[in-house]
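One-letter residues, chain by chain:
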Amino acid sequence: VLAELDVRPPALVTVDELERSVNRLYSSGFFTEISYRFEKTPPGRKLVIVVRENSGVLLNTGLRYDTQWGPSLLLNASAKNVFGHASRFEFDLLLGDRKGFTGEYALHTGIKRSVGIRADVDIIDDHIDEYDLGERVSRWRTQSTRGGFLLETLHSRVFSAAGGINMEWYRTSPADAPAEIGL
């Protein structure tokens, strides 16, 4: 909370600065309620901030159909503050002719305002069809895996900047092909 507020005690703070800091804290998405009050103390006033964490797990499902891959089942889960304070865990699962998994874990470091670490992975099992004069002549199975560990800004889900390490692995193999191709 203190890292996001950008207010270091003891400090003189205007109402506008305090409101901007509270709005920035609220926009992180980690809190459902934020309130503040001033308490009198012998040397002056003390700022007391009360927050309610946005914790819990959301589960979502969906169905998808498209002409290339047919029907698919979509599953999604996201959790905030469940695996630690200022943490976010999300995963997406795609089940159908095309299969995929995406997982992400992000944690606010508390070192600097809006700076966090994120680990993520994407796995896709797919295919590429090859056509000759409108007729499918072969199908190639493709598999890809990508993983990363990043240091990033956690300003919002709309815009962020990150730097880190990404690793990628790809594999393509014939799933079915005519014998004359000679694979």
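As the structure is a computational prediction, the values presented were derived from the model and not from experiment.

(A) Spatial organisation of the sheet that holds strand β5 (residues 87-96). Spatially, the seven strands line up as an open sheet ordered β3-β4-β5-β6-β7-β8-β9, and their pairing is antiparallel. Each having just a single partner strand, β3 (56-66) and β9 (162-176) make up the two edges of the open sheet. Going from strand to strand, the sheet's axes swing by 10° on average, the running direction of each strand aside.

(B) Representation of unusual backbone geometry. We note that L133 has phi near 55°; this positive angle belongs to a residue other than glycine. Position of L133 among the secondary structure elements: in the loop between β7 (115-132) and β8 (135-153). Given the relative accessible area of 85%, L133 is considered exposed.

(C) Just helix α2 (residues 15-27), in detail. Given a rise of 1.5 Å per residue, 13 residues ought to cover 18 Å, and the 18 Å separating the end C-alpha atoms of α2 matches this to within 8%. If you check which residues of α2 are buried, you get L18, S21, V22 and L25. One side of α2 carries all its buried residues, which in axial view fall inside an arc of 95°. Among the exposed residues of α2, those pointing more than 90 degrees away from its buried face are D16 and R20. A positive backbone phi angle near 80° is found at G29, which sits one or two residues after α2.

(D) Structural view of the pairing of strand β4 (residues 70-80). Note that β3 and β4 share eleven bridges and pair antiparallel. Bridge assignment links G62 to a residue of β4, and that residue is L74. Linkage of β3 to β4, two consecutive antiparallel strands, is achieved through a turn of three residues. With nine bridges connecting them, β4 and β5 associate as antiparallel partners. Bridged to S78 within β5 is E90. Joining the antiparallel neighbours β4 and β5 is a turn of six residues, in which N81 adopts a positive phi near 60°.

About the criteria used
Residues numbered from 1 in each chain as written. Predicted model: local features only at pLDDT ≥ 70, side-chain atom pairs only at ≥ 80, totals over all residues. Heavy atoms only, no water. Pairing = 2+ DSSP bridges. Helix = DSSP H or I, 4+ residues; strand = E, 2+ residues; numbered from the N terminus. Axes fitted to C-alpha atoms, helices over the stretch in contact; angles between N-to-C directions. Buried < 20%, exposed > 50% of the residue type's maximum accessible area, 1.4 Å probe, protein only. Expected span 1.5 Å × (residues − 1). Arc of directions from axis to C-beta.

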